[in-house]
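Listed below, chain by chain, are the residues.
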Amino acid sequence: MIPVSIIQRVEVLKDGASAIYGADAVAGVVNIITKSEFDGVEAAIKAGSAFEGDGEELQLDLTWGVANDKGSLMANISYQNAGEVFMPDRVDCPRSEVGGQLVCFGSSSTIGGRALLPDGTRINFNQDPNGSGDDWAVYDPLVHNFDFNQSFNAVNPLERLSFSAFGERDLAENLRIVGELMFTNRQTDQPASPTTIRNISFDASHPTNPTGQDVFLENRRIYESGNRDFFQEVNTWRMVAGLEGQFNDNWSWDVSYNWGRNTGTDGSTNIVNLLRLNETLDTSTCGSNGIPCADILGFGDVTQDVMDYILFTMIGTGGNEQISFAANVSGELFDMPAGPVFVAAGFENRKDKGWRNPDSLVAIGAANTNAADPISGTVRSDEFYAEVSLPLFADAPFAESMTLDAAFRYSDYETFGSDDNYKLGLNWQIVPSFKLRANLSTAFRVPNVNELFGGVAEGNLTTT
C-alpha cells in the first residue's frame, strides 16, 4: 500500500532482530522509509505490456507537497491497473514425469467422472461432447485427465487505488507534531478450473448408473458450469499521530499512536452446495418440490436446471486491526576515545485483533470446499527494548572502525506469557573496502490470531 513515488530509501537489516523489532524478526528486517517532506508537484505515468500483446499495465502517480521552516505537508494518490496473462498463451499443457520423460499430464479430477467398481477396476465415464452419457471405459490418465492449464492465468489482473498524506508542524522550538494517513483499495480476481465433487456412492439400481454394478464416484469435475472465478476486495487504513522533539542537543524523543485496519471480502463463483446436490441424487426427494433430478455420471448430463439448483457464489469476510502506543528516546550517552556511545530505549503497548467469517455453507461443511469455523480473537502485548552502540576503535591500524552493538527486548503477551531476547554484534571495518560482521542473537515468533483462536479447519491430503 506504499506508493513507490514517496519512498526515500529502503534499509535491509540482515541480522536476527527480535531484540530490536520484536517477534517475527527472525531472519532480518526490511525498513521502508518514506520521504519526510516534499515541495512541489510530481506526476508519473508508467505503461507497458508483454511482447505477446497481453499483460497490459497502467500506473499513475501524483505527488504534491509544500514545505517551509515551520513544517511540511505532502499528499500522494496512486492508481494501478494490471491486466492478465492467460496461461495457455505461455505454457501449452501441465507436465509430469512419466517414464523419465516430461509429458502432458493433467488432473485426475476428470470431466466425465472417475470411479471404482466393486472388483477394484477404475473406470471413467464419457467425456466426448458428442458421445453418450452412459458410455464408460477403463480409466487411462493420459486419455482422461483434465488439462487445467486452460483455466488459469500465468499473471492475474489487479486494480489498486492508494491515497496517502504526511504532515508535520513545529509547535515550539524543540517540539513537533506529526501525522500520517494512508488508504488503499485493492481488487483482484483469478480464474480457476471448474469445481469438483468427490466420494459419492451409487448402487446398481440407481437410474443414472449405467454400469449395472455398485459404483463409487471418486471425483467428477462439473465442466458444464464453466470455470470458477475467485475474487477479493481489500480496504486498508492506517493513521498515525505523534509528537517528537529534542533536548540537550544530542537527544531526541517521540511518542506516537498508531491505528491500522484492513477489511476484506473474498469468494468464488460456481461452488457446489452439497446438501442440494444430495437432494438431486436422492430418488425419493428429486423430481418434486422444485428439486430437479441430477445425472452426474458422464459429461454433458448435468442440465442447466440442476446447475441452477446446486451452484452458489461463496462469499466470506475478514480483517485485522492493530492499535499501538509507542515511546522512544535516543541519543549520545558519553564519549569514548573512539567516539560517542549511542543508546536507544523504548516502550510499546499493542493490541492486535483479527476475525474471519466464512460463508455460512462453508462453516457448516455443506460446500465442496475446505470447511472452516469462524475466527475471532485479540492479542495484547507490552514490550520494552534498549540498545547500545560502543565504539571500540577508530582510525587504528587494521581497524578503521570497530563497534560493539548490544540490544535487549522484553515482551509480555497477555495470551501466553513473556519472552526476552538479546543481540550482540561486532562490526569491524578493517579498511574502507573490507568489513567483517559477527552477530549472536535470539529470536521468537508469536502465534497469530488464526493460530490462537482458529477453530476446526479441513484440508485435503494428497498422496501418490
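Details of the structure are given in the entry above.
The structure presented is a predicted model; accordingly, all values stated were derived computationally and were not measured. (Residues numbered from 1 in each chain as written. Predicted model: local features only at pLDDT ≥ 70, side-chain atom pairs only at ≥ 80, totals over all residues. Heavy atoms only, no water.)

Draft legend 1. Focus on the state of the cysteines. Applying the stated rule across the entire model yields 2 disulfides. One disulfide bridge connects Cys 93 with Cys 104, the sulfur atoms lying 1.9 Å from each other. With the S-S bond torsion at -70 degrees, the cross-link from Cys 93 to Cys 104 turns out left-handed. Of this pair, Cys 93 sits in the loop between β6 (85-86) and β7 (95-98) while Cys 104 sits in strand β8 (residues 101-104), placing them 11 residues apart in sequence. The class of Cys 93 is buried, set by a relative accessible area of 5%. (Disulfide = S-S within 2.5 Å. Helix = DSSP H or I, 4+ residues; strand = E, 2+ residues; numbered from the N terminus. Buried < 20%, exposed > 50% of the residue type's maximum accessible area, 1.4 Å probe, protein only.)

Draft legend 2. Local environment of the packing of aromatic side chains. Evaluation of the coordinates by the stated rule reveals 8 aromatic pairs. Measuring from centroid to centroid gives 5.1 Å for Tyr 413 and Phe 416, while their planes differ by 10 degrees, and the two rings are stacked. The class of Tyr 413 is buried, set by a relative accessible area of 4%. Taken together, Phe 146, Tyr 223 and Phe 299 form an aromatic cluster joined through their ring pairs. It is Arg 114 that lies over the ring of Tyr 139; its NZ or CZ is 5.4 Å from the centre. Its end group placed over the ring of Tyr 309, Arg 276 keeps NZ or CZ at 4.5 Å from the ring centre. (Phe/Tyr/Trp six-rings, centres within 6.5 Å; stacked < 30°, edge-to-face > 60°. Lys NZ or Arg CZ within 6 Å of the ring centre and 35° of its normal.)

Draft legend 3. Expanded view of the pattern of salt bridges. Summed over all chains, the structure comprises 19 salt bridges. Note that Asp 54 and Arg 90 form a salt bridge whose closest N and O atoms lie 2.8 Å from each other. Of this pair, Asp 54 sits in the loop between β3 (40-48) and β4 (57-68) while Arg 90 sits in the loop between β6 and β7, and the two are 36 residues apart along the sequence. Residue Asp 54 is classed as buried on the basis of its relative accessible area of 12%. Note that Arg 409 and Glu 383 form a salt bridge whose closest N and O atoms lie 3.2 Å from each other. Taken together, the residues span a long stretch of sequence, with Arg 409 in strand β22 (residues 399-413) and Glu 383 in strand β21 (residues 375-396) at a distance of 26 residues. The same class applies to Arg 409 as to Glu 383, namely buried. Residues joined in a network through salt bridges with shared partners are Glu 348, Arg 350, Asp 352, Glu 383 and Arg 409. (Salt bridge = Lys/Arg side-chain N within 4 Å of Asp/Glu carboxyl O.)

Draft legend 4. Examining the sheet that holds strand β9 (residues 114-116) more closely. Strand order in the open sheet formed by 5 strands is β11-β10-β9-β16-β15, with antiparallel pairing between adjacent strands. The sheet is open, and its two borders are formed by β11 (136-138) and β15 (196-202), each paired with just one other strand. Within the sheet, the average angular offset between the axes of one strand and its neighbour, ignoring direction, is 25 degrees. Two elements, β9 and strand β16 (residues 215-221), share 3 bridges in a ladder whose sense is antiparallel. Bridging across to β16, Leu 116 finds its partner in Phe 216. (Pairing = 2+ DSSP bridges. Axes fitted to C-alpha atoms, helices over the stretch in contact; angles between N-to-C directions.)

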